[in-house]
Amino acid sequence: MSENNSMPKENLLSPRNRKLLTDPLGKDNPINVQVLGICSVLAITVQLRTSLVMAISVVAVMGFANVIISLLRHTIPPRIRIIVQLTVIASLVILVDQILKAFVYDISRQLSVFVGLIITNCIIMGRLEAFALNNKVWPSFLDGIGNAAGYGWVLLAVGFFRELFGSGTLMGYSVIPQFMYDIGYEDNGLMILPPMALITVGIIIWVQRYKDRRLIDIS
Amino acid sequence: MKPLHDLVEKVKPHFEKGGRFEKFYRTFEAFETFLFVPGNVTRRGSHIRDAMDMKRTMVHVIIALMPALLFGIWNVGYQHYKATGVEAEFIDQVVYGLIQVLPIVVVSYISGLAIEFIFATIRNHEVNEGFLVSGMLIPLVIPASTPLWMVSVATIFAVIIGKEVFGGTGMNILNPALLARAFLFFAYPSYLSGEVWIAGTAEQLDGVSGATALAVLAIGEGEMPSALDMFLGTIPGSIGETSTVAILLGAIVLVATGVGSLRIMLSVVAGGLLMGGILNLVAVNEFMEIPPYYHLIMGGFAFGTVYMATDPVSASQTGVGKYIYGLLIGVLTVLIRVVNPAYPEGMMLAILFMNVFAPLIDHYVVQSHIKKRMKRMEKIPAKA
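Peer 1: Just to check I follow, could you spell out the domain arrangement of chain B for this structure?
Peer 2: You'll often see interface size given as the accessible area lost when the parts meet. Residue and element names in this part refer to chain B. Each domain of chain B was delimited in the assignment, giving domain 1 (20-37 + 56-246) and domain 2 (260-374). Each of domain 1 and domain 2 has a C-alpha centre, and these two points are 22 Å apart. Between domain 1 and domain 2, the contact holds 32 residues from the first and 26 residues from the second. Run the count over domain 1 and domain 2 and you get zero salt bridges. Our count for the domain 1 to domain 2 interface comes out at three residue pairs in polar contact (both at pLDDT 80 or more). Among the secondary structure elements, those contributing two or more residues to the side of domain 1 that touches domain 2 are α3 (54-84), α5 (130-140), α7 (176-187), α9 (213-219), α10 (227-232) and α11 (244-257). When residues in the side of domain 1 that touches domain 2 are grouped by element, the largest group, seven residues, is from α7. Residues that form the side of domain 1 that touches domain 2 fall into these classes: 24 nonpolar, six polar and two charged.

The following block contains the structure:
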């Protein structure tokens, strides 16, 4: 995507900008369509709470990283751009990590190494490289937020099903009534294991492609 | 037969294009071809049609499964009365077994066929007969004490994730029946391991050990059943897998009708004996000390060898590939059993694992054939 200087005054939420925000939610979803960032989906979606915190963290990191790189885009020498991107992401991730440790310590411990591993989340690097380096600040910000949100909702959906069927709880509160257990219901132990996250993502992809047939030929 | 055929022909127009129940044509077709050999005629290409279509192949497997099922029904009753210490006639044992086993079979068929019919209607393809066999295999590889809703959930999972996502019968990578068992094994471990192998309520069975021979070996306590008992099958275990005799009868039917591959069966047995023999030579613990042939009659080895490993869809297709595939199943099964104490039964995992590898094995077998022939070609001097 190249910089467009012919339109100096573009509406903040023009159709083109809106597309940047909404495409990654659906037909250009980083997980469902581009199949990026799968490892963290497998690792931290056992519970809805950790999924939520992870989703918010990634939204924050990605929004800011895209803005910062977009601001710096004229000053970064192309040969060292990857290092610069990594430095920016890493600083933001450390910030998020410190905030989590300060305010929600137990969740931070559950997420353990995966907060640090946001740095290696291919979605973030991918968007910096493909979009923020060549675009203005506001579109870059929208693109970052959009992609992170696209990643986030899949995370939340997977976390929802895995916690509901795997532990019978949501956000830590038990939602399956006791009488269900009394008549013989059991929590599904397979849901807690990583393969089920993969299968859940697979089912989401299946449903999405069934609804939007244009996606079928993409990958 | 005549009145039935007339009835089918009479209602047929309603289901064909333009009829009232056009949407349910696939459902109708499934029943029609179940009752009568379809009258399809090939219009192009080769004009030879084998009467042995998929539906009849599946029926042969069902016949081959009958000895194991009937023995399983009796054994469930026998084990129950033996565990509770009540004297019971043969007929009582069979009745108790029927009460326990029949609902599982019915639930397995209803949930699996419901999914098959739904997908056939949505996608407008023929109802696949593959489930006729899977629906019978699933009850036979789980303990009789499994709750019915779990059977249903596992069956639905196996049919959708194991088969329909890949495109239905014939496209599946994994054996659906084993996938159902694997689902139960990992999702509800307490219902598929430990002392769950005898049907009956907890109060009835208080103080009775229901461990299988494999569990006895893995835990290291309890009494091992004798080799003869294990061969005949009068031991606790999954419904259909205990009796090696009944399974052998089934194997004869499968091999005689050409449905099951003798190559796979023999090579699985060879692999099991080989690995059992090697571990027996090392013999550092109790599990390794048992004679190699014990592995063949314990747990699900015989059942898996005859009915699961020979599944024509998920097994290797090439001749040499079948030997490699079978041998590795046998070796892996014994290896998992003996070396990994967390999984006392290795058959399920070994077959699923090799199912995934079967296409790779086939690929290399075919490639090596091509290479060999190319070499032979080069040796022949070119004629002018």
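This is not the end of the story, as more comes after the structure.
Peer 1: Any chance you could explain the interface of chain B and chain A here in plain terms?
Peer 2: Of the residues lining the interface, 14 residues belong to chain B; the matching set on chain A comes to 13 residues. Buried surface at the junction of chain B and chain A, both sides included, amounts to about 980 Å², of which 72% is carbon and sulfur. Counting the contacts that link chain B with chain A gives zero salt bridges. For the side of chain B that touches chain A, the secondary-structure elements that each account for two or more residues are α4 (90-123), α6 (148-163) and α7 of chain B. By residue number, the principal contributor to the side of chain B that touches chain A is α6 of chain B, which donates five residues.

Peer 1: Got a minute to help me understand the state of the cysteines in this structure?
Peer 2: In a disulfide, the sulfur atoms of two cysteines are held together by a covalent bond. Residues and elements named next belong to chain A. All chains considered together, the criterion is met by zero disulfides over all chains. Note on cysteine 39: no disulfide assigned, nearest cysteine sulfur contributed by cysteine 122 at a separation of 6.1 Å. Residue classification places cysteine 122 among the partly exposed positions, given a relative accessible area of 36%.

Peer 1: What is the right way to read the packing of helix α12 (residues 262-282) of chain B against helix α15 (residues 301-308) of chain B from this model?
Peer 2: Helix packing geometry: the angle between the two helix axes and the distance between the axes. All names here are of chain B. At a minimum axis separation of 9 Å, α12 and α15 run at an interaxial angle of 150°. With respect to α15, the axis of α12 lies roughly antiparallel. Along this stretch, α12 crosses α15, giving a crossing that reads as right-handed. Across from Met265, Val268, Val269 and Gly272 in α12, the residues of α15 making contact are Phe301, Thr305 and Val306.

Peer 1: Got a minute to help me understand helix α1 (residues 2-15) of chain B in this structure?
Peer 2: Since there are 3.6 residues in each turn of an α-helix, residues three or four apart along the chain are aligned in direction. All names here are of chain B. If you check α1, its first and last C-alpha atoms are 21 Å apart, about what 14 residues at 1.5 Å a residue would give, namely 20 Å. When we look at burial in α1, the residues that qualify are Val8, Lys12 and Phe15. Along the long axis of α1, the arc covered by the buried residues comes to 70°, so they all point the same way. Those residues of α1 that are exposed and aimed more than 90 degrees away from the buried face are Lys2, Pro3 and Lys10.

Peer 1: I tried to follow the packing of aromatic side chains on my own but got confused; where do I start?
Peer 2: By convention here, two paired aromatic rings are described through the distance between centres and the angle between planes. Residues and elements named next belong to chain B. Per the counting criterion, the structure on display carries 17 aromatic pairs over all chains. Ring centres 5.2 Å apart and planes at 90° place the aromatic pair phenylalanine 185 and phenylalanine 186 in the edge-to-face group. Its relative accessible area of 14% is what places phenylalanine 185 among the buried residues. Among the residues examined, phenylalanine 186 registers a relative accessible area of 24% and is labelled partly exposed.

Peer 1: How should I be thinking about the nonpolar core in this particular structure?
Peer 2: For soluble globular proteins, nonpolar side chains are generally found buried alongside one another. Formed by 96 residues in total, the largest nonpolar core has its most connected members in Phe303, Tyr307, Tyr325 and Ile329 of chain B. Excluding residues within four positions of it along the chain, tyrosine 307 of chain B makes contact with Ala64, Leu65, Ala68, Leu137, Ala246, Ile247, Gly250 and Leu254 of chain B. Listed in part, the 38 residues of the second largest apolar core include Ile69, Val88, Val96 and Leu100 of chain A.

Peer 1: Got a minute to help me understand the side chain of glutamate 241 of chain B in this structure?
Peer 2: Structurally, glutamate 241 of chain B is set in the loop between α10 and α11. With near-sequence residues (within four places) excluded, glutamate 241 of chain B lies in contact with Leu140, Ile247, Gly299, Gly300 and Phe303 of chain B.

Criteria and cut-off values
Residues numbered from 1 in each chain as written. Chains lettered and ligands numbered in written order. Predicted model: local features only at pLDDT ≥ 70, side-chain atom pairs only at ≥ 80, totals over all residues. Heavy atoms only, no water. Domains from an automatic or database assignment. Contact = heavy atoms within 4.5 Å. Salt bridge = Lys/Arg side-chain N within 4 Å of Asp/Glu carboxyl O. Polar contact = N/O pair within 3.5 Å; in protein donor to acceptor, adjacent residues only side chain to side chain. Helix = DSSP H or I, 4+ residues; strand = E, 2+ residues; numbered from the N terminus. Nonpolar A, V, L, I, M, F, W, Y, C, P; charged D, E, K, R; others polar. Buried area = accessible area lost by both parts, 1.4 Å probe. Disulfide = S-S within 2.5 Å. Buried < 20%, exposed > 50% of the residue type's maximum accessible area, 1.4 Å probe, protein only. Axes fitted to C-alpha atoms, helices over the stretch in contact; angles between N-to-C directions. Parallel < 35°, antiparallel > 145°, perpendicular 65-115°, else oblique. Left-handed = near helix turned anticlockwise from the far one by under 90°. Expected span 1.5 Å × (residues − 1). Arc of directions from axis to C-beta. Phe/Tyr/Trp six-rings, centres within 6.5 Å; stacked < 30°, edge-to-face > 60°. Core = buried A, V, L, I, M, F, W, Y, C linked by side-chain atoms within 4.5 Å.

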